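Structural overview
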Amino acid sequence: MRRVGFAGIILLTCYMAGTFRFRPLMVLAGMEGIVFCLSYFLCRYLKQGLSVQVLRHGEITEKGRWLPCRMKVQNTGKLPVSRFCIKLRYWYGQEDRKQKNCQTKWVWGSAGQGETILQLELAGGFCGLVTVQVVCLRVYDYLALFSSVEKLNETVEVAVYPRDRVLGLGLPFLGKDGEAAAPEQRMPKMGETGHEVRQLREYRPGDSSRSIHWNQSARTGQLWVKEYEKEADAATELFLEWEGLGEGGIAGQDAFYELLWALLRGLTKKAPAVWVSWYDRTRGCLGGKEVKDAAQCRELLLGLYREENAFGAMAQEEENNAAWENRKLVYARRQVLRLDGRLRLYWGDRLLFAFSQENLEQQIEGGISFFGDPK
């Protein structure tokens, strides 16, 4: 619009100069035409000396806070740039940036010779991995009549973690020593979840019968148990099921991560460690990670964020795979905690509590008991 207006001024000046035969107006019309043409080439010259780089620093944040994004603009040309614009797109997880959930932001600025740091903040309303892409750089001439565009394709990922909240758990089988009130309710030790055997040792009171090495015991006439590589105190085991995770969209996944974080923080206050396992579709086997504190909780969630693109297919595979149904029955019989994508928490095959996406915050603050009732 500004370009059309400037062209109209040139034509009006030419008309006035021709009507009144006033030589200064003719000179003015010629100068305006020269400025118009120079502006076209000037924006292209300014663009050649301007570059944009996303600074990869502080790429984690907490839900509800602004996502920090810093960019370095460097001008190697001899002239300052009075006006430029950077187009950004950002989206959650592995979503296609062309979908409607993709957000677009324009950043305006100016740059003298040397480096200029631009700092902006993006809204981080959901838990997950946010991909920020620098789409293009648009440089204007001094009159903003013309612009020159350079396409960019630089991306940076920002991990948005849940707020640090703890789910209160009144579970009698989770004592500080990890032992149960009854032997059949004791959580498995770390070694019992698939870690390699480090050595054999003599049986001690309290050792699980599943750790007994029966062949060695039969040969020696004395009970021997297998000591595992990562065996420590008894650890709680939590199994994640992806069934139903994709039904609620981004908001549903956000609620799942909020609940998972609060549950892990609550479990780590009751037991020395939590062994979190899930079905890794990319490798076709069970994956797992030990969690003891908030830092390891963040590492676990970051790994789940990166596998998020497979969740939908994993959930569909779980629902239609008979072998997977048998595997879930095994976990139900083993009496371990299970959390599924519909925010339901099980103890073996027993439903402890069904969380609601709408009232999740109040339910986390209220906590749960072993029988699934609010404390």
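Relevant structure appears above.
Residues numbered from 1 in each chain as written. Predicted model: local features only at pLDDT ≥ 70, side-chain atom pairs only at ≥ 80, totals over all residues. Heavy atoms only, no water.

On to the overall build of the protein, then. A count of helices and strands for the protein gives eight helices and 18 strands. Within the protein, the proportion of its 375 residues that are buried is 47%. Taking the intrachain contacts of the protein between residues at least 6 apart in sequence as the baseline, contacts between residues at least 24 apart amount to 66%. With an accessible surface of roughly 19,500 Å², the protein has 51% of that area assigned to carbon and sulfur atoms. (Helix = DSSP H or I, 4+ residues; strand = E, 2+ residues; numbered from the N terminus. Buried < 20%, exposed > 50% of the residue type's maximum accessible area, 1.4 Å probe, protein only. Contact = heavy atoms within 4.5 Å. Areas by Shrake-Rupley, 256 points an atom, 1.4 Å probe, with all protein chains shown as cover.)

The subject of this paragraph is helix α4 (residues 249-268). Here α4 spans 29 Å end to end across 20 residues, near enough to the 28 Å set by a 1.5 Å rise per residue. A large share of α4 lies buried, amounting to 17 of its 20 residues. (Expected span 1.5 Å × (residues − 1).)

This part covers the nonpolar core. Within the largest apolar cluster, 41 residues are counted, with the highest numbers of intra-cluster contacts made by L238, L240, F256, L260, L339 and F355. Top element by residues in this core is α4. It accounts for 10 residues. In terms of nonpolar packing, the next biggest core, distinct from the first, is built from 28 residues, V52, L67, V73 and A111 among them. (Core = buried A, V, L, I, M, F, W, Y, C linked by side-chain atoms within 4.5 Å.)

At a minimum axis distance of 10 Å, the contact between α4 and helix α5 (residues 294-306) shows a crossing angle of 150°. Classified by the angle their axes make, α4 and α5 are roughly antiparallel. Judged by the sense of rotation from one axis to the other, the crossing of α4 with α5 is right-handed. Of the residues in α5, those touching α4 at Y257, L260, W261, L264 and R265 are A294, C297, R298, L300, L301, L304 and Y305. The residue makeup of the contact of α4 with α5, split by class, is 10 nonpolar, no polar and two charged. (Axes fitted to C-alpha atoms, helices over the stretch in contact; angles between N-to-C directions. Parallel < 35°, antiparallel > 145°, perpendicular 65-115°, else oblique. Left-handed = near helix turned anticlockwise from the far one by under 90°. Nonpolar A, V, L, I, M, F, W, Y, C, P; charged D, E, K, R; others polar.)

Now for the sheet that holds strand β4 (residues 81-92). Here five strands make up an open sheet; going across it, the order is β2-β8-β7-β4-β5 and the pairing mixed. Each having just a single partner strand, β2 (60-62) and β5 (103-111) make up the two edges of the open sheet. Sheet twist, expressed as the average angle between the axes of neighbouring strands with direction ignored, equals 30°. Where strand β7 (residues 128-140) meets strand β8 (residues 147-161), 12 bridges bridge the pair, whose relative direction is antiparallel. Bridging across to β8, T131 finds its partner in E157. (Pairing = 2+ DSSP bridges.)

Taken in spatial order, the three strands of this open sheet run β1-β3-β6, and their pairing is antiparallel. A strand with exactly one partner marks an edge of an open sheet, and here the two such strands are β1 (50-55) and β6 (114-123). Looking at each pair of strands side by side, their axes are set apart by 25° on average, direction ignored.

This structure, assessed with the given rule, holds 11 salt bridges. In this structure, D254 and K63 form a salt bridge, with 2.7 Å as the shortest nitrogen-oxygen distance. Taken together, the residues span a long stretch of sequence, with D254 in helix α4 and K63 in the loop between β2 and β3 (66-75) at a distance of 191 residues. Of the two residues examined, D254 and K63, each falls in the buried class. As a salt-bridge pair, R165 and E361 come within 3.7 Å of each other at their nearest N and O atoms. Placement of the pair is R165 in the loop between β8 and β9 (169-170) and E361 in helix α8 (residues 360-366), with a sequence separation of 196 residues. Here the residues in one salt-bridge network are K63, R163, R165, D254, E258 and E361, joined through shared partners. (Salt bridge = Lys/Arg side-chain N within 4 Å of Asp/Glu carboxyl O.)

A word on the packing of aromatic side chains. Any pair of aromatic rings gets described here by the distance separating the centres and the angle formed by the planes. All told, the structure shown has nine aromatic pairs when counted by the stated rule. Measuring from centroid to centroid gives 4.8 Å for Y257 and Y305, while their planes differ by 80°, and the two rings are edge-to-face. A residue pair is termed long-range when its members are at least 10 positions apart, and Y257 in helix α4 and Y305 in helix α5 qualify at 48 residues. The pair formed by Y257 and Y305 is uniform in burial state, with each residue classed as buried. Put simply, the rings of F6, F36, Y40, F41 and F146 pair up and form one aromatic cluster. Directly above the ring of Y40 sits R44, whose terminal nitrogen or CZ lies 4.0 Å from the centroid. Residue placement shows R338 over the ring face of Y346; its charged tip is 4.6 Å from the ring centre. (Phe/Tyr/Trp six-rings, centres within 6.5 Å; stacked < 30°, edge-to-face > 60°. Lys NZ or Arg CZ within 6 Å of the ring centre and 35° of its normal.)

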